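Residues per chain, in single letters:
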4 protein chains.
Amino acid sequence: MAKEIKTIGVLTSGGDAPGMNAAIRAVVRTAIARGLKVKGIKKGYQGLLNEEIIDMEAKDVSDIIQRGGTILGTARCLEFKEAEGQKKGAEICRKHGIDGIVVIGGDGSYRGAQALSRLGINTIGLPGTIDLDIACTEYTIGFDTAVNTAMQAIDKVKDTSSSHERCSIIEVMGRNAGYIALWCGIANGAEDILLPEKYDYNEQNIINNIITNRKHGKTHHIIINAEGIGHSTSMARRIEAATGIETRATILGYMQRGGSPTAKDRYYASIMGAYAVDIMLEGKTNRVVGYQHGEFIDFDIEEALQMQKGINEYQFEVSHLLSI
Amino acid sequence: MAKEIKTIGVLTSGGDAPGMNAAIRAVVRTAIARGLKVKGIKKGYQGLLNEEIIDMEAKDVSDIIQRGGTILGTARCLEFKEAEGQKKGAEICRKHGIDGIVVIGGDGSYRGAQALSRLGINTIGLPGTIDLDIACTEYTIGFDTAVNTAMQAIDKVKDTSSSHERCSIIEVMGRNAGYIALWCGIANGAEDILLPEKYDYNEQNIINNIITNRKHGKTHHIIINAEGIGHSTSMARRIEAATGIETRATILGYMQRGGSPTAKDRYYASIMGAYAVDIMLEGKTNRVVGYQHGEFIDFDIEEALQMQKGINEYQFEVSHLLSI
Amino acid sequence: MAKEIKTIGVLTSGGDAPGMNAAIRAVVRTAIARGLKVKGIKKGYQGLLNEEIIDMEAKDVSDIIQRGGTILGTARCLEFKEAEGQKKGAEICRKHGIDGIVVIGGDGSYRGAQALSRLGINTIGLPGTIDLDIACTEYTIGFDTAVNTAMQAIDKVKDTSSSHERCSIIEVMGRNAGYIALWCGIANGAEDILLPEKYDYNEQNIINNIITNRKHGKTHHIIINAEGIGHSTSMARRIEAATGIETRATILGYMQRGGSPTAKDRYYASIMGAYAVDIMLEGKTNRVVGYQHGEFIDFDIEEALQMQKGINEYQFEVSHLLSI
Amino acid sequence: MAKEIKTIGVLTSGGDAPGMNAAIRAVVRTAIARGLKVKGIKKGYQGLLNEEIIDMEAKDVSDIIQRGGTILGTARCLEFKEAEGQKKGAEICRKHGIDGIVVIGGDGSYRGAQALSRLGINTIGLPGTIDLDIACTEYTIGFDTAVNTAMQAIDKVKDTSSSHERCSIIEVMGRNAGYIALWCGIANGAEDILLPEKYDYNEQNIINNIITNRKHGKTHHIIINAEGIGHSTSMARRIEAATGIETRATILGYMQRGGSPTAKDRYYASIMGAYAVDIMLEGKTNRVVGYQHGEFIDFDIEEALQMQKGINEYQFEVSHLLSI
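What you are looking at is a predicted structure, and each value in this text was computed from that prediction instead of being measured.

Conventions used here
- Residues numbered from 1 in each chain as written.
- Chains lettered and ligands numbered in written order.
- Predicted model: local features only at pLDDT ≥ 70, side-chain atom pairs only at ≥ 80, totals over all residues.
- Heavy atoms only, no water.
- Phe/Tyr/Trp six-rings, centres within 6.5 Å; stacked < 30°, edge-to-face > 60°.
- Helix = DSSP H or I, 4+ residues; strand = E, 2+ residues; numbered from the N terminus.
- Buried < 20%, exposed > 50% of the residue type's maximum accessible area, 1.4 Å probe, protein only.
- Lys NZ or Arg CZ within 6 Å of the ring centre and 35° of its normal.
- Core = buried A, V, L, I, M, F, W, Y, C linked by side-chain atoms within 4.5 Å.
- Contact = heavy atoms within 4.5 Å.
- UniProt positions renumbered as here; feature names shortened; annotations may be inferred.
- Buried area = accessible area lost by both parts, 1.4 Å probe.
- Salt bridge = Lys/Arg side-chain N within 4 Å of Asp/Glu carboxyl O.
- Polar contact = N/O pair within 3.5 Å; in protein donor to acceptor, adjacent residues only side chain to side chain.
- Nonpolar A, V, L, I, M, F, W, Y, C, P; charged D, E, K, R; others polar.
- Pairing = 2+ DSSP bridges.
- Axes fitted to C-alpha atoms, helices over the stretch in contact; angles between N-to-C directions.
- Expected span 1.5 Å × (residues − 1).

Asker: I tried to follow the packing of aromatic side chains on my own but got confused; where do I start?
Answerer: The geometry of two aromatic rings is summed up by the distance between their centres and the angle between their planes. In the structure shown here, the tally under the stated rule is 44 aromatic pairs over all chains. Taken together, a centroid distance of 6.5 Å and an interplanar angle of 85° make the contact between A:Tyr275 and B:Tyr314 edge-to-face. A residue pair is termed interchain when its members come from two chains, as with A:Tyr275 in helix H9 (residues 263-281) and B:Tyr314 in helix H11 (residues 313-321). Here B:Tyr314 falls in the partly exposed class, since its relative accessible area comes to 24%. Here the aromatic rings of C:Tyr267 and C:Tyr268 are separated by 6.3 Å at their centres, their planes lie at 55°, and the arrangement is tilted. Each of the two residues, C:Tyr267 as well as C:Tyr268, counts as buried. Linked through ring pairs, A:Tyr139, A:Tyr267, A:Tyr268, A:Tyr291, A:Phe296, B:Phe143 and B:Trp183 together constitute an aromatic cluster. Over the ring of A:Tyr179 we find A:Lys309, and its NZ or CZ is 5.2 Å from the ring centre.

Asker: So what exactly am I meant to see when it comes to the nonpolar core here?
Answerer: The nonpolar side chains of soluble globular proteins are, as a tendency, buried together. Counting residues in each nonpolar core, the largest one holds 303 residues, and the members touching the most others are A:Ile180, B:Ile8, B:Ile180, C:Ile8, C:Ile180 and D:Ile180. Ignoring sequence-local partners within four residues, the contact set of A:Ile180 consists of A:Ile130, A:Asp131, A:Phe143, A:Ala146, A:Val147, A:Ala150, A:Val172, A:Met173 and A:Gln256.

Asker: Would you explain the UniProt feature "active site" (unreviewed entry) in chain A in this entry?
Answerer: Residues and elements named next belong to chain A. The residues that UniProt annotates with the feature "active site" (unreviewed entry) are Asp131. Mapped onto the secondary structure, Asp131 falls in the loop between strand S5 (122-127) and helix H5 (143-163). When its relative accessible area of 12% is taken as the criterion, Asp131 is described as buried. Filtering out sequence-adjacent residues up to four positions away, Asp131 remains in contact with Phe143, Met173, Gly174, Ala177, Tyr179 and Ile180.

Asker: I'm lost on the interface of chain D and chain C in this one. Help?
Answerer: Often, the extent of an interface is quoted as the loss of accessible area upon association of its parts. Taken together, the 48 residues of chain D in the interface contact 48 residues of chain C. Summing both partners gives a buried area of about 3,900 Å² for chain D against chain C, and 61% of it is carried by carbon and sulfur. Our count for the contact surface shared by chain D and chain C stands at four salt bridges. Between D:Arg266 and C:Asp155 there is a salt bridge whose closest N-O contact spans 2.7 Å. Here chain D and chain C share 23 residue pairs in polar contact (both at pLDDT 80 or more) between them. Residue contributions to the side of chain D that touches chain C peak at 10 residues, all from helix H9 (residues 263-281) of chain D. Taken together, the residues of the side of chain D that touches chain C sort by class into 25 nonpolar, 12 polar and 11 charged.

Asker: Mind showing me how you'd approach the sheet that holds strand S9 (residues 247-251) of chain B here?
Answerer: The pairing of strands in a sheet happens through backbone hydrogen bonds and is either parallel or antiparallel. Residue and element names in this part refer to chain B. The strand order S7-S8-S6-S9 describes an open sheet built from four strands, whose pairing is parallel. Only two strands of the sheet have a single neighbouring strand rather than two, namely strand S7 (192-194) and S9. The sheet shows a mean angle of 15° between the axes of neighbouring strands, direction not considered. Examined bridge by bridge, strand S6 (residues 167-172) and strand S8 (residues 221-226) share six bridges and lie parallel to one another.

Asker: Is there a simple way to explain the environment of D:Ile64 in this structure?
Answerer: All names here are of chain D. Relative to the helices and strands, Ile64 resides in the loop between strand S3 (53-55) and helix H3 (83-95). Taking the relative accessible area as the measure of exposure, Ile64 reaches 4% and is therefore buried. Through-space distance from the C-alpha of Ile64 to that of Lys218 is 44 Å; in sequence the pair is 154 residues apart.

Asker: Is there a simple way to think about helix H4 (residues 107-118) of chain A in this case?
Answerer: Residue pairs three or four apart in sequence face the same way in an α-helix, which turns once every 3.6 residues. Residues and elements named next belong to chain A. Helix length check: H4 (12 residues) gives 18 Å between terminal C-alpha atoms against 16 Å at 1.5 Å per residue, within 8%. Buried within H4 are the following residues: Ser109, Tyr110, Gly112, Ala113, Gln114, Ala115, Leu116 and Ser117. If you follow the buried residues of H4, they end up packed against helix H2 (44-49), helix H3 (83-95), strand S4 (100-105), S5, strand S10 (287-292) and helix H10 (301-306). Once H4 ends, the next one or two residues include Gly120, with phi positive near 95°.

Asker: Would you mind going over the sheet that holds strand S10 (residues 247-251) of chain C with me for this structure?
Answerer: All names here are of chain C. With parallel pairing, the four strands of this open sheet are ordered in space as S8-S9-S7-S10. Edge strands, defined here as strands with exactly one partner in the open sheet, are strand S8 (192-194) and S10. Pairwise comparison of adjacent strand axes, ignoring direction, gives a mean angle of 15° for this sheet. With three bridges joining them, S8 and strand S9 (residues 221-226) adopt parallel strand pairing. Within S9, the position partnered with Asp192 by the bridge is Ile223. Here helix H6 (residues 179-187) sits on the sheet and contacts strand S7 (167-172), S8 and S9; the angle it forms with S8, its principal contact strand, is near 175°.

Right, here's the structure in full:
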């Protein structure tokens, strides 16, 4: 028989992402509307272990849906990767009367949620990462905002790149996943896109492409480079040396993690937050919420962690067709 | 046997939408990359009848992916609703060697495409409308940009509404469909959302809601009203009279149709434009491209026009839960 | 001998304006840095009379510089226009130990400041209004943000106006002053600009201008209309009837009062806030801070209220030259 | 007697800046409105020497006021620093019937304008640089847009910096001038601002400041570093080592040079462009246009180049007061 849930906790874990506040707000208000009590846990699992736990009312999440970052704070926590720390965490939950926790974060955060679930604390994960690199879901909280932030910055770089007839390399976030790079590549009309999943490290191809385009009258050349490839500054030096064309690198960096969330990030994060509370009330635990095939659904965490996803081949081909 | 396609035309029809330029660019460049010739048809079906037809090269669509509006222009055309006009249009296509046309527009534009298809001109429709009111697809070109534009404007109205402790009614576009209103309602954390699909015209409920919220300490009250409900200004007057709380209406209007497209509108419109060309090359005609269940697919136009879609009940319920 | 100032109050009055929070922050932190105590007075003079007065520390103004609206709230107050109310206000100041008040608001707010000054409470006014209609200063808090907000909205309207070859009338704020209209007129490249200071109500001139431009190949016609002229919707109907060209009106409304302030509004409001505290410490009272001839300076309130300013003739002429 | 001006040229030189297109548009349209012919010179002085010269009509500058970059292109030109190249340039002007040139660019561009003036080609300079480092003017084309771009990016970095309780160093443009850094420092509420004009390279002060702030409960620490100081990445490493607080550097780079210009950059660049044409018609040459003490005025180029300007001491002091 399903455990009765009277009080839930909510925390954000791993790298922050725009839309996390919308998810927190939705968890808090849905829970209260369903008659539950809510505790906010600060600074992820670290804050749980430090008992940085506060009561949350509906008004505590007023006026946050439009803000970047996470009002709860986030942190990495090595201690919670160990059985000892996890056990301590479950005990602290019990001490504070927390029956279940909604964990908003990336893949790395779900292992902790699994552990808590095994220890009797119901857990539901929400996919919060700008990198879109969670296999069970086509949507992750923060990706849409991060892509729009990067795209708008690249639009600006392209202006000056065209005025000076430069080549520009713009490095976007994505250590293992090239989704931000692919999206910006298409959305900014880039001439080359370097993804961890696809790039063959053949710089000569890029150089040839630049020279050919210049002959055909293109006055700029935009290369979107994913963080996972990196080395944009040295790449710029080599390309300038090989082509004789002024080449500059820009590493967009942390601005991609912040900013007021887009409509999609506010909307989807809100629905996911409500959904997490509602399936917890159905007795579910050890689940992660995803958006797949046009629906919000949930998966067993272990299954979700075994899934794989990659770059869509047709869309990658289109990125090349459109840069002619 | 499928007709061989050597030259395709592209036109935009009905109300313009941000992302139409990205779709035009993708049609032009994919067609050229696939070895076709491309003709741009100006001002929709009206321009076809007036033979406002231009050759398009890859460079003619440079530097347009980031721009609102449509470089081809658009117009309504009563003449093309008649068999006479449609026949004339097909003849003009033949005269200019146009084997197929990609039509970017709303539901209304597909009837013309059907007619052209029956008359031997292959046609593929792309869903271009900010209203999201095309049943066969979860995505329409322009919706994402329009929602973000409206949302950002409403964020600003909310600032001043809070400073003055006002009630604000903001009217967003959507004559028959409340999607923009629902999205803004959730994304802006509105207290009330009035949708053509759901609103019971019981203004007393809204008034009671305002009075209750004020008692609970809320310092503003945001009502998102869809164009299909309308009458925001008189509604504001009645609410102010009934509640004694200063109430103001803002009708966002045409700004929602313009502006640089979001990443999603640029990306999806690009993929859809390429996809339209590629299925035309497979011999398809009388089809409309959609995005459904996580995939880009295509439907028979007649079937697509028979489909229905509505407001998701769970998401509508969540919009109420979150405004407590 | 100048009165010793130990505690100052700060309030915002009249219509809110983006940058007011930056000014509040600067008043609070400069005062604390100079060794003073600070009281925040909520909802303008009304809040003063209601004794809605709170202690403010440096951290109370953290993370507000980037926010629209005013954290103190604002309201109109008829009672404070009477000698009775003013006397009560001064007594409440004394009761709370408030030696001086910084009043952030428009012309209307300075009368109250004068009265308090006469009653022994030192007062310094800061020019807070999006309309730029304070004669003693070339800068008012909020104007720069409001103009940018309006301009960006008009850029979007222009996109769709061009796609449909429409005429668009866009009404911007400014009841007695046409500065927002003039600035948008030039910044958006409008074909006509209607200012309260200049417009002769000769609609036939506008109609002729539209017809001439259309003949010369212009595909849109943008008219910026100041609120002080108004009647945009009926004007649109008349112009459409007279020209046969589809004409639409958009009234931008309250969004112009909100939004995250621009760099200029944050910077100037910050300097002005600090300056207000520093001149109060020099013993000044009954002064208003302005920016004139490249400097932050201060004026006697009565003198400031007697000043006049108008539309620069050369700049108004340029607005016509550039719309050819 | 003043030379009669019948045809003027316009070029952009040095680093591009948002608003240059507004200035080009104003030069072209004012000149045409005054009965002149206009030639556009591409790629600065280099394009002049290469005779990349085109006729410009009013419609050639349609729809550019809102765009970043420069439609004429820009480039550096060593050849034009020599007497030989300057003589050749003046001859090419005469060959093309160009009586005068408006040069939009930074200090470096005015030497070339002086030379042309001595050689009989009337010249007027407009201050175009995002760095604000032209001494004769309080306004330069592009600064306002660049500061707003940087400020908005820093707002986003601050979001994630707060969520993770990090220290963030953000490097903004300004090789010799710290204006962008000072403005962002105040507008973003930075804890430290490092300017070429003021920084004493005493990193220990910064480290102490971080440690003190952390003790007082501040959850982030933003350092704005001007390009002229540089070395942000190594500085971040040293600060992290000394404080034990996670510290990250972001170098905003070229995005600061692009983007749609702000209202101020569109408005002032428009007035300056018109003004340049009008004083050229009065027979003036070898002048640079500036904005000083609330007015658009003009200076002898040599005088202008001898002027000095620095950081305002009071405003710099305020930047410290407000970061408590």
